[in-house]
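The residues making up each chain are set out below.
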Amino acid sequence: MHIAFIGLGNMGAPMARNLLKAGHGLTVFDLNPAALASLRADGATVAQSAREAAATADFVITMLPAAAHVRAAYLDQDGVLAGVRPGVPLVDSSTIDPATIRALAVEAGKRGNPMADAPVSGGTGGAQAGTLTFMVGAPPDLFERIRPVLAGMGRNVVSCGDTGTGQVAKICNNLILGISMIGVSEAMALGVRLGIDANVLAGIVNTSTGRCWAADTCNPYPGVIETAPASRGYTGGFGADLMLKDLGLAADAARGVRQPLFLGALAQQVYQAMSQAGDGQLDFSGVIRRYLDTERAA
Ligand code: NAD
């Protein structure tokens, strides 16, 4: 199958590489020339626009930062919808709000293109290893059609319901993640300050009731998990600004149904402080620096 892949960042580039490994033909587009050059070296064809990438494709995937980028990539005059052939399925794997994907699916439908949301969890490690979880919002026939391609980039491809429900699942997962990372940071920093070794504490937590992904896979304390961003200066993971965006999506969605998010709102303020301190590009587990480095946290 020939696939157009648009958005080759921390997540998109390794996902696209896995599609090449799975034997698909690939045309890519990104605004960043360095990202394009890297995929070209791996065997992908480079397009000059999203429109050009989509024109020859049997399948289109986008992996972009936020809703504004997704709207631009599909609706601009050089966007996907201007070039894609009718009937070709469109899949957006970015994390955005459910309303935007539902509106885009209506626009795509007018041109005869079915569209699904398929946001992911598993981070950059999962993107590289091809072990992502895809949370898919699509009618059953479209889900069956796109599942084999997504399976080339992930271990779990889960149907969440109709268009937009993949984003609902993703937003709720990241609400838990954003809050739990702050909880783990708070406890790890406190434990070390009170005299316990960080590795011993993490070992206890990870065989006890405090265990969670933030503690056992992405522990924020440096040196506890060798492969975690904390052990490489909080680089190369899930940026705090992206977490801030996701908590904003949860807050907006909750406002729409008049549900309070007590801890979600607090977590949003904590990551906002991290972003204001100039650390928004760091992995969100760097939030522990608010506790470890009292000068920075002040
Ligand atoms: P990123 O910022 O690393 O990459 C985004 C890429 O999109 C960049 O290369 C940028 O140049 C490109 N881009 C922006 N606008 C474009 C346009 N109009 N046309 C073409 N290219 C464009 O972001 P990322 O970390 O890869 O995340 C992508 C999405 O996945 C986000 O919605 C994020 O919330 C979500 N996500 C990220 C992670 C993670 O661990 N990084 C995990 C799960 C989900």
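All values reported here derive from a predicted model rather than from experimental measurement.

Calculation rules
- Residues numbered from 1 in each chain as written.
- Predicted model: local features only at pLDDT ≥ 70, side-chain atom pairs only at ≥ 80, totals over all residues.
- Heavy atoms only, no water.
- Axes fitted to C-alpha atoms, helices over the stretch in contact; angles between N-to-C directions.
- Helix = DSSP H or I, 4+ residues; strand = E, 2+ residues; numbered from the N terminus.
- Parallel < 35°, antiparallel > 145°, perpendicular 65-115°, else oblique.
- Left-handed = near helix turned anticlockwise from the far one by under 90°.
- Contact = heavy atoms within 4.5 Å.
- Nonpolar A, V, L, I, M, F, W, Y, C, P; charged D, E, K, R; others polar.
- Patch = residues over 30% accessible without salt bridge, like charges linked within 9 Å, V, L, I, M, F, W, Y side chains within 5 Å.
- Areas by Shrake-Rupley, 256 points an atom, 1.4 Å probe, with all protein chains shown as cover.
- Salt bridge = Lys/Arg side-chain N within 4 Å of Asp/Glu carboxyl O.
- Buried < 20%, exposed > 50% of the residue type's maximum accessible area, 1.4 Å probe, protein only.
- Pairing = 2+ DSSP bridges.
- Domains from an automatic or database assignment.
- Buried area = accessible area lost by both parts, 1.4 Å probe.
- Polar contact = N/O pair within 3.5 Å; in protein donor to acceptor, adjacent residues only side chain to side chain.
- Near = heavy atom within 4 Å.
- Phe/Tyr/Trp six-rings, centres within 6.5 Å; stacked < 30°, edge-to-face > 60°.

Peer 1: How should the packing of helix 6 (residues 98-110) against helix 9 (residues 165-193) be read in this particular structure?
Peer 2: It is at 8 Å that the axes of helix 6 and helix 9 come closest, and there the two elements cross at 165°. Classified by the interaxial angle, the pair formed by helix 6 and helix 9 is roughly antiparallel. In this structure, the crossing between helix 6 and helix 9 has a hand that is right-handed. On the side of helix 6, the interface is formed by Pro98, Ile101 and Arg102, while helix 9 contributes Thr165, Gln167, Val168 and Ile171. Its residues placed into classes, the contact of helix 6 with helix 9 shows four nonpolar, two polar and one charged.

Peer 1: When you look at a nonpolar patch on the surface in this model, what are you seeing that I'm missing?
Peer 2: Residues Ile196, Val200 and Ile204 make up a contiguous nonpolar surface patch of about 240 Å² in total accessible area. Val200 sits in the partly exposed class, given a relative accessible area of 44%.

Peer 1: Could you clarify how one ought to interpret the pairing of strand 8 (residues 132-137) in this entry?
Peer 2: Each regular strand carries side chains that alternate between the two faces of the sheet. Where burial is concerned, most of strand 8 is hidden: six out of the six residues are buried. Side-chain alternation along strand 8 places Leu132, Phe134 and Val136 on one buried face and Thr133, Met135 and Gly137 on a second face that is also buried. Pairing analysis gives two bridges linking strand 7 (residues 120-121) to strand 8, with the strands arranged antiparallel. By the bridge assignment for strand 8, Val120 is matched with Phe134. Relative to strand 9 (residues 154-161), strand 8 is paired through six bridges, and the arrangement is parallel. In the sheet register, Leu132 faces strand 9, and the bridge partner there is Gly154.

Peer 1: Looking at this structure, how should I read the domain arrangement of the protein chain?
Peer 2: A common measure of how large an interface is: the accessible area buried when the components associate. For the protein chain, the domain assignment lists domain 1 (2-162) and domain 2 (168-297). Taken over C-alpha atoms, the centre of domain 1 sits 28 Å from the centre of domain 2. Together, the buried faces of domain 1 and domain 2 total about 900 Å²; carbon and sulfur atoms form 68% of this surface. Taken as a group, Thr95, Pro98 and Met135 account for 42% of the area that domain 1 buries against domain 2, more than any other trio of residues on that side. On inspection of domain 1 and its partner domain 2, the count reaches zero salt bridges. On inspection of domain 1 and its partner domain 2, the count reaches four residue pairs in polar contact (both at pLDDT 80 or more). For the side of domain 1 that touches domain 2, a count of residues per class yields eight nonpolar, four polar and one charged.

Peer 1: Please clarify how the site of the ligand should be interpreted in this entry.
Peer 2: Around the ligand, the surrounding shell holds 25 residues, and the nearest of these are Asn10, Met11, Asp30, Pro65 and Lys245. Separating an oxygen atom of the ligand from a backbone N or O atom of Asn10 is a distance of 2.9 Å. Between the ligand and Leu31 there is a distance of 3.5 Å, counted from a nitrogen atom to a backbone nitrogen or oxygen. Elements that contribute at least two residues to the shell around the ligand include exactly helix 7 (123-129) and helix 12 (240-256). By residue class, the composition of the shell around the ligand is 11 nonpolar, 11 polar and three charged. Each of domain 1 (2-162) and domain 2 (168-297) accounts for three or more of the residues forming the shell around the ligand.

Peer 1: In this structure, what is going on with the packing of aromatic side chains? I would like to understand it.
Peer 2: What describes a pair of aromatic rings is the distance from one ring centre to the other and the angle between the planes of the rings. Taken as a whole and judged by the stated rule, the model has two aromatic pairs. Ring centres of Phe238 and Phe284 lie 5.6 Å apart, and the angle between their planes is 70°; on these two criteria the pair is classed as edge-to-face. In this pair, Phe238 is assigned in the loop between helix 11 (213-216) and helix 12 and Phe284 in the loop between helix 13 (262-279) and helix 14 (289-292), connecting sequence segments 46 residues apart. Residue classification places Phe238 among the partly exposed positions, given a relative accessible area of 24%. Residue Phe284 is classed as buried on the basis of its relative accessible area of 1%. Aromatic pair Tyr271 and Phe284: ring centres 6.3 Å apart, planes at 40°, arrangement tilted.

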